[in-house]
Amino acid sequence: SQQGEEDPQALSIQEGENATMNCSYKTSINNLQWYRQNSGRGLVHLILIRSNEREKHSGRLRVTLDTSKKSSSLLITASRAADTASYFCAFPRDDKIIFGKGTRLHILP
Amino acid sequence: NAGVTQTPKFQVLKTGQSMTLQCAQDMNHNSMYWYRQDPGMGLRLIYYSASEGTTDKGEVPNGYNVSRLNKREFSLRLESAAPSQTSVYFCASSEAQFSTEAFFGQGTRLTVV
């Protein structure tokens, strides 16, 4: 499979805590993207990190990329109930965008 | 700006029936994609179109056909629906290959009985 692999598959944390999700991939990439999907909805792009970048921030989101380990992580700080969703990593491959299977994040009140 | 619009939102088909899922984007994107999403499987690419006039198979193309009608529209056709095609279908578009972000429609929930 060309898919990326997210880890963990599911994660439950208390509101206010930080959530970390990881993504591993197998081939060289020129960028890696993270998406969020709320239940029953389409995916929404969160952040893109290019292969020459090691870290990127957007609001409460922090993404890291380690091309030597072929892995990326998404950190959500100070989690909120609205962060409950599935999170997917994705990367361009040839003319396509390949998605992983996702991490289901549940924020507990 | 509507972004990516998919129709219909819901559909129930009987085995053997045919139907076409419609997708249109108003962002002048070159690349368009059809994915299916099944529980525990993530998103799997069915077909894609890198540019107007071209289409290519993705990971799971069997049982489907596509048409890139023009730059805006990319339709997915099920010629003879099977229960295994019960899924949620998403259309997406992006500016170009090796692109930046992809924009998704809201999905079509298809049930084949």
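You'll find the structure just up there.
Presented here is an overview of the structure given in this document. Numbers given for residues are sequential positions, taken from 1 along each chain in its written order. For this description, chains carry letters from A and ligands carry numbers from 1, given in the order in which they are written. Per-residue local features of the predicted model are confined to residues with pLDDT of at least 70, and side-chain atom pairs are confined, for both listing and counting, to 80 or more; whole-chain, interface and lining totals are unaffected and use all residues. Hydrogens are left out, water is left out, and the side-chain values use all remaining heavy atoms of the structure.

**Here we look at the overall build of chain B**
Stage number 1. In terms of helices and strands, chain B carries zero helices and eleven strands.
Stage number 2. Going along the chain from the N terminus, every DSSP run of H or I of four or more residues is numbered as a helix, and every run of E of two or more is numbered as a strand. The helix and strand sequence of chain B, counted from the amino end, reads β-β-β-β-β-β-β-β-β-β-β.
Stage number 3. Note that the radius of gyration is over C-alpha atoms, with the globule rule given as 2.2 Å times the number of residues to the power 0.38. Taking 13 Å as the expected radius of gyration for a compact globule of 113 residues, we find that chain B reaches 13 Å, a close match to that expectation.
Stage number 4. Over its C-alpha atoms, taken along the principal directions, chain B stretches across nearly 35 × 30 × 25 Å.
Stage number 5. Within the span of chain B, comprising 113 residues, buried residues form 48% of the whole.
Stage number 6. Only heavy atoms enter the contact rule, under which two residues are in contact if any of them lie within 4.5 Å. Taking the intrachain contacts of chain B between residues at least 6 apart in sequence as the baseline, contacts between residues at least 24 apart amount to 55%. Three labels apply to residues, based on accessible area from a 1.4 Å probe with only protein chains included: buried if under 20% of the type maximum, exposed if over 50%, partly exposed otherwise in between.

**Structural notes on the nonpolar core**
Residues and elements named next belong to chain A.
Stage number 1. Put simply, buried Ala, Val, Leu, Ile, Met, Phe, Trp, Tyr and Cys residues joined by side-chain atoms within 4.5 Å make one nonpolar core. If you look at the biggest cluster of nonpolar residues, it comprises 23 residues, and the most contacted ones within it are Met21, Leu32, Trp34, Leu74, Ile76, Tyr87 and Leu105.
Stage number 2. For this core, the elements supplying multiple residues, two or more each, are β3 (19-24), β4 (31-37), β5 (43-50), β7 (61-66), β8 (71-76), β9 (85-93) and β11 (103-108).
Stage number 3. With four residues, the top contributor of residues to this core is β9.
Stage number 4. Not counting chain neighbours up to four residues away, the residues in contact with Leu105 comprise Leu11, Ile13, Ala19, Met21, Ile76, Asp83, Thr84, Ala85 and Tyr87.

**Points about the state of the cysteines**
All names here are of chain A.
Stage number 1. Cysteine sulfur atoms that pair up within 2.5 Å are treated as a disulfide. Counted under the stated rule, the structure contains two disulfides over all chains.
Stage number 2. Between Cys23 and Cys89 runs a disulfide, and the two sulfur atoms are separated by 2.0 Å. Since a negative S-S torsion denotes a left-handed disulfide, the Cys23-Cys89 link at about 65° is right-handed. Note that Cys23 is positioned in strand β3 and Cys89 in strand β9, a separation of 66 residues in sequence. No difference in accessibility class separates Cys23 from Cys89, as the two residues are buried.

**Details of the sheet that holds strand β6 (residues 55-58) of chain A**
All names here are of chain A.
Stage number 1. A sheet is described by the order of its strands in space; here five strands give the open sequence β1-β3-β8-β7-β6, paired in antiparallel fashion. Where the open sheet ends on each side, the last strands, each with one partner, are β1 (5-7) and β6. The mean angle between the axes of side-by-side strands here comes to 20°, regardless of whether they run parallel or antiparallel.
Stage number 2. When β7 meets β8, the two strands line up antiparallel, connected through six bridges. If you follow Arg62 over to β8, its bridge partner there is Leu75. We call two strands paired when DSSP finds no fewer than two bridges between them. Every angle, taken between N-to-C directions, lies between 0 and 180 degrees, and every axis is a line fitted to C-alpha atoms, over only the stretch in contact when it is a helix.

**Comments concerning the sheet that holds strand β1 (residues 4-7) of chain B**
Residues and elements named next belong to chain B.
Stage number 1. Pairing in this open sheet of four strands is antiparallel, and the strands run β1-β3-β8-β7 from one edge to the other. Only two strands of the sheet have a single partner each, and these edge strands are β1 and β7 (64-68). Averaged over all neighbouring strand pairs, the angle between strand axes comes to 15°, with direction disregarded.
Stage number 2. In this structure, β7 lies alongside strand β8 (residues 74-78), joined through five bridges in antiparallel fashion. By the bridge assignment, Tyr64 is partnered in β8 with Leu78.

**Focus on the pairing of β8(A)**
Residue and element names in this part refer to chain A.
Stage number 1. Where burial is concerned, most of β8 is hidden: five out of the six residues are buried.
Stage number 2. Relative to β8, β3 is paired through six bridges, and the arrangement is antiparallel. Of the residues in β8, the one forming a bridge with Ala19 is Ile76.

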